[in-house]
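Residues per chain, in single letters:
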Amino acid sequence: MSNATVATVIFGGFMVVTVALGLLAVRGRGGGQGGLAEWSVGGRSLGAVFIWVLMAGESYTSFSYLGAAGWGYNYGAPVLYVVAYLSCGYAVGYLVGPMLHAYARRHGLVGITDMVAHRYGRPWAGALVAVLASVCLLPYIQLQITGMGVVVSTISYGAISLNWAYFVAFAVTTGFVVVSGLRGSAWVSALKDFLVIGTLAFLAVYVPLHYFHGYGDFLDRLVDSKREWLTLPGHGGADSGLGTGWFISTSLLNSLTVVIFPTTVAGYLGARDGDVLRRNAIWLPAYNVLLFVPMLLGMAALFVVPGLTGAGSNLALFKLVVDSLPAWAVGVIGVAAALSSIVPMAVFMLVIGTMWGRSVLSLVPRWRERQKLASQTVVVVAGVLALLLTYTVPNTLVRLSLISYEGMAQFVPMLLLGLVWRRFTLTAALSGLAVGGVLVCWLVFSERDPVFGVNAGLVALAANLVVAVAVAYAGAGGRDGRFGRDGRDARNDARPDSDVLAELMPAPEARPR
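Residues numbered from 1 in each chain as written. Predicted model: local features only at pLDDT ≥ 70, side-chain atom pairs only at ≥ 80, totals over all residues. Heavy atoms only, no water.

Explain the overall build of the protein here, please?
For the protein, the helix and strand inventory stands at 23 helices and zero strands. Counting only residues that meet the buried cut, the protein has 56% of its 513 residues in that class. Taking as baseline every contact in the protein between residues at least 6 positions apart, the subset at least 24 positions apart corresponds to 82%. When the accessible surface of the protein is totalled, it reaches about 19,600 Å², and 67% of it is carbon and sulfur. (Helix = DSSP H or I, 4+ residues; strand = E, 2+ residues; numbered from the N terminus. Buried < 20%, exposed > 50% of the residue type's maximum accessible area, 1.4 Å probe, protein only. Contact = heavy atoms within 4.5 Å. Areas by Shrake-Rupley, 256 points an atom, 1.4 Å probe, with all protein chains shown as cover.)

Here it is, written out as structure tokens:
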């Protein structure tokens, strides 16, 4: 058989296994007939292993095989911000994850929009967050569709066109996530992680030996002829804007944002208890070691396939793979990369569906008692919309993706500060959100990012916090009937903030062992 046939058959076989595994995840649980909590957060029953592979799966997207290698190829050292912010984010998550889990479990909540609506006593506030967050999340679905399309087309030696590869990405993901929800994503993550760990470990050894006779020769050549790739601001110098200030500010911003990212929170809420999340936060940084592989191999490609430009540089790693490995190995590595698109895409689709089904469509009386069906419907709609935009106007979502992380960062005060500071009102939260959101859009779209070397999202978040805290101290917003001056039950107004925080963090002896 031809190389294209071998690689395509292997890829097709694994896609069938992926859908079957996702559907089997709900076997013995009513065949997917459970309620919204079972579908969207796995019935809050996932143990340490499934939470680990699920949340690790969110950090290993198509970017790991394409973007990380491409950044290594184009810039070098600045790509290490990914490792920095993820590791710092896990440390922040050690504290924040159990807090969000405890609050959501106590009040029967299934996402950040639920938390906002409950905390401030305004269902429309949850709906507003759902709409704005969807704008930030939808580009990620399109990016995963595009990433998988590029991978599949490359590993099939061009036998599968980009358009068909895009459709396969959508169909496979929708095929299991609508039925099995978060639990299905966790099961598929287990398969994905097995392949990712195996293929990257193999490539970490094989590529330097095959092309350079070992790491010694490779690193010697890198230091001798590509020295600027090994320091900040990397290749491109000061003009790239990726200096020390950008690296620190981006790592800080993203480490704060990742803990309230709706997909991360879905993982938090799916855990059996807070201890699972604490152990997970300790273990997850070890997974980041794998990220060094595509980064290094991207720089290795500088000597093997020089001259890649634009989007072509994202294929730096796969150029090495396709040119040097047999077709069956190319197929297996391609499957690992494809699953690195499918798993996060499934969680993104599920989260958008949950936010709309729970916080937007539930405001319509006829959908109030059918939230799970509404959520599943939105999953399909979001996937179809991302697919259609990928075919027709891909640059629209790519443009929006520029503010995805910086935009989500503006929800940090509303969610985290609101949970631990009783005086923080909805008016204060919305005032800060409006200022931060407008500022980050202006800075990014007018190409003023970074601002004097600092990530524009962090500048906007600082302005957001200043405005929100000022409005909160000014006492704007007053009382609102059922809730007290801070949006909590009025009977609790006399309780100090420390008591509220203690309520969110159960005492160690009360936690299951």
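Please clarify how a nonpolar patch on the surface should be interpreted in this entry.
There is a patch of nonpolar side chains on the surface, built from W164, F167, V380, V384, L388 and Y391 and spanning about 550 Å² of accessible area. Element by element, the count of residues in the nonpolar patch is highest for helix α17 (residues 371-392), at four residues. Looking at where L388 falls in the secondary structure, it is placed in helix α17. On the accessibility criterion, L388 (47% relative accessible area) is partly exposed. (Patch = residues over 30% accessible without salt bridge, like charges linked within 9 Å, V, L, I, M, F, W, Y side chains within 5 Å. Salt bridge = Lys/Arg side-chain N within 4 Å of Asp/Glu carboxyl O.)

Is there a simple way to explain the packing of aromatic side chains in this structure?
What characterises a pair of aromatic rings is the spacing of the ring centres plus the angle enclosed by the ring planes. Scanning all chains against the criterion turns up 21 aromatic pairs. Through successive ring pairs, a cluster of aromatic residues spans W71, Y75, Y81, Y85, Y140, W246, F261, F348 and Y405. One cation-aromatic arrangement involves R370 over W367; the distance from NZ or CZ to the ring centre is 5.3 Å. (Phe/Tyr/Trp six-rings, centres within 6.5 Å; stacked < 30°, edge-to-face > 60°. Lys NZ or Arg CZ within 6 Å of the ring centre and 35° of its normal.)

Help me understand the pattern of salt bridges, please; the structure alone is not making it clear to me.
It is possible for side chains bearing opposite charge to pair when their charged atoms get close. Going through the model one piece at a time under the given rule, you end up with five salt bridges. Between R183 and E38 there is a salt bridge, and its shortest N-O distance comes to 3.1 Å. Linking R183 in helix α9 (residues 162-212) with E38 in helix α2 (residues 36-41), this pair joins segments that are 145 residues apart in sequence. Exposure remark for R183: the relative accessible area of 6% places this residue in the buried category. Given a relative accessible area of 19%, E38 falls into the buried group. For D273, the salt bridge identified is with R272, shortest N-O distance 3.8 Å.

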